[in-house]
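So you can see what is in the structure, the chains are spelled out below.
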Amino acid sequence: MLVLLFDIDGTLISTGGAGLNALRATMREEFGIAEPNDVPVSGRTDRGIARDLFRAHELAETEAHWQRFLDSYLRHLADQLPRTRGRVLPGVASLLDALRGLERVRLGLLTGNVQAGARLKLRHYGLDSYFAFGGFGDRHADRDGVAAEALDASREHLPAETQPDRVWVIGDTPMDITCARSISARCVAVATGSFPREALEAYSPDLAVDNLDRLDHLLEVLVG
Ligand SMILES: [Mg+2]
């Protein structure tokens, strides 16, 4: 059984800044920080981003702070998604439709989004029905932890006695490539996020593409 694990932001969709807006609104409303320090967000997990913001502003890294952050973030994200102009990235809808119809393929998520945030984003862009399982950014500050979670979830999701004979990660950042390697998965890197193709190629993905719109080529590589 072939397992394909998709990143969300920069790979399936661009939210047009909805996520960042929600982060900023959360820091302002919940923690009184009008101008949050820049922390890296591309390829990161929500848990890791929150931890870095707490550290940058000398807020205690407590479970209570995380829960406040999460509740506010999800509320603002739901509010922001319809107000920002995002899009499904090129080729994504056709690729997912083609893959969904294949008997020996299972589609999952490998995303730094918290699970509820991932569902909000995918539902808004009409993509939530493709993915039945995944690894998410609720617990892991490090993306490699999310990859391990996604692999575990895929094993639980497969029919009894079935093992994945191949696992692919499809993502838009160097961290997607390195986390794929951490679970011995193959990787397609796609340059529709914030990294150009040459920058991704430096991390030696199995394939680097400008976008996901060459359907036949992608199916050949992924499915064979
Ligand atoms: Mg991404």
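The shown structure was predicted, so the numbers you read here are calculated from the model rather than taken from an experiment. (Residues numbered from 1 in each chain as written. Predicted model: local features only at pLDDT ≥ 70, side-chain atom pairs only at ≥ 80, totals over all residues. Heavy atoms only, no water.)

A. Inspection of the coordination of the magnesium ion at higher detail. Distances from the magnesium ion to its protein donors, namely Asp7 (OD), Asp9 (O) and Asp172 (OD), fall within the range 2.1 to 2.2 Å. Site description for the magnesium ion: donor spacing in sequence, D-x1-D-x162-D. Of this pair, Asp7 sits in the loop between strand 1 (2–6) and strand 2 (13–14) while Asp172 sits in the loop between strand 6 (166–171) and helix 7 (174–182), and the two are 165 residues apart along the sequence. Assessed through its relative accessible area of 4%, Asp172 is described here as buried. (Donors = N, O, S within 2.8 Å, 3.2 Å for Na, K, Ca; no water. Helix = DSSP H or I, 4+ residues; strand = E, 2+ residues; numbered from the N terminus. Buried < 20%, exposed > 50% of the residue type's maximum accessible area, 1.4 Å probe, protein only.)

B. Representation of the nonpolar core within the structure. Within the largest apolar cluster, 51 residues are counted, with the highest numbers of intra-cluster contacts made by Leu4, Phe6, Leu12, Phe69, Leu96, Leu107 and Phe131. Looking at this core element by element, the count peaks at six residues for helix 3 (residues 63–80). Split by domain, the residues of this core number at least three in each of domain 1 (2–15 + 87–222) and domain 2 (18–83). Residues in contact with Leu12, not counting those within four places in the same chain, are Phe6, Asp7, Arg87, Val88, Leu89, Val92, Leu96, Leu109, Leu122, Leu127 and Phe131. Formed by 21 residues, the second largest nonpolar core is a distinct cluster that contains Phe133, Ala153, Val169 and Leu200. (Core = buried A, V, L, I, M, F, W, Y, C linked by side-chain atoms within 4.5 Å. Domains from an automatic or database assignment. Contact = heavy atoms within 4.5 Å.)

C. View of the pattern of salt bridges. One pass over the full model with this rule turns up 18 salt bridges. Across the pair Asp52 and Arg44 runs a salt bridge whose closest N-O atoms are separated by 2.9 Å. Across this residue pair, the class does not change: Asp52 and Arg44 are buried. Of the charged contacts, one joins Glu63 and Arg47 as a salt bridge, the two residues approaching to 3.2 Å between their closest N and O atoms. Taken together, the residues span a long stretch of sequence, with Glu63 in helix 3 and Arg47 in helix 2 (residues 46–56) at a distance of 16 residues. (Salt bridge = Lys/Arg side-chain N within 4 Å of Asp/Glu carboxyl O.)

D. Structural detail: the domain arrangement of the chain. By the assigned domains, the chain splits into domain 1 (2–15 + 87–222) and domain 2 (18–83). Relative placement of domain 1 and domain 2: their C-alpha centres are 24 Å apart. On the side of domain 2, 18 residues touch domain 1, which itself brings 22 residues to the contact. Between domain 1 and domain 2, the buried area comes to about 1500 Å², and carbon and sulfur atoms account for 62% of it. Linking domain 1 with domain 2 are ten residue pairs in polar contact (both at pLDDT 80 or more), by the criterion used here. Those elements giving two or more residues to the side of domain 1 that touches domain 2 turn out to be helix 5 (115–124) and helix 6 (143–157). (Buried area = accessible area lost by both parts, 1.4 Å probe. Polar contact = N/O pair within 3.5 Å; in protein donor to acceptor, adjacent residues only side chain to side chain.)

E. How the structure looks around unusual backbone geometry. Non-glycine residue Glu58 carries a positive phi angle of around 55 degrees. Non-glycine residue Ser204 carries a positive phi angle of around 55 degrees. Position of Ser204 relative to the elements: it lies in the loop between helix 8 (197–201) and strand 8 (207–209).

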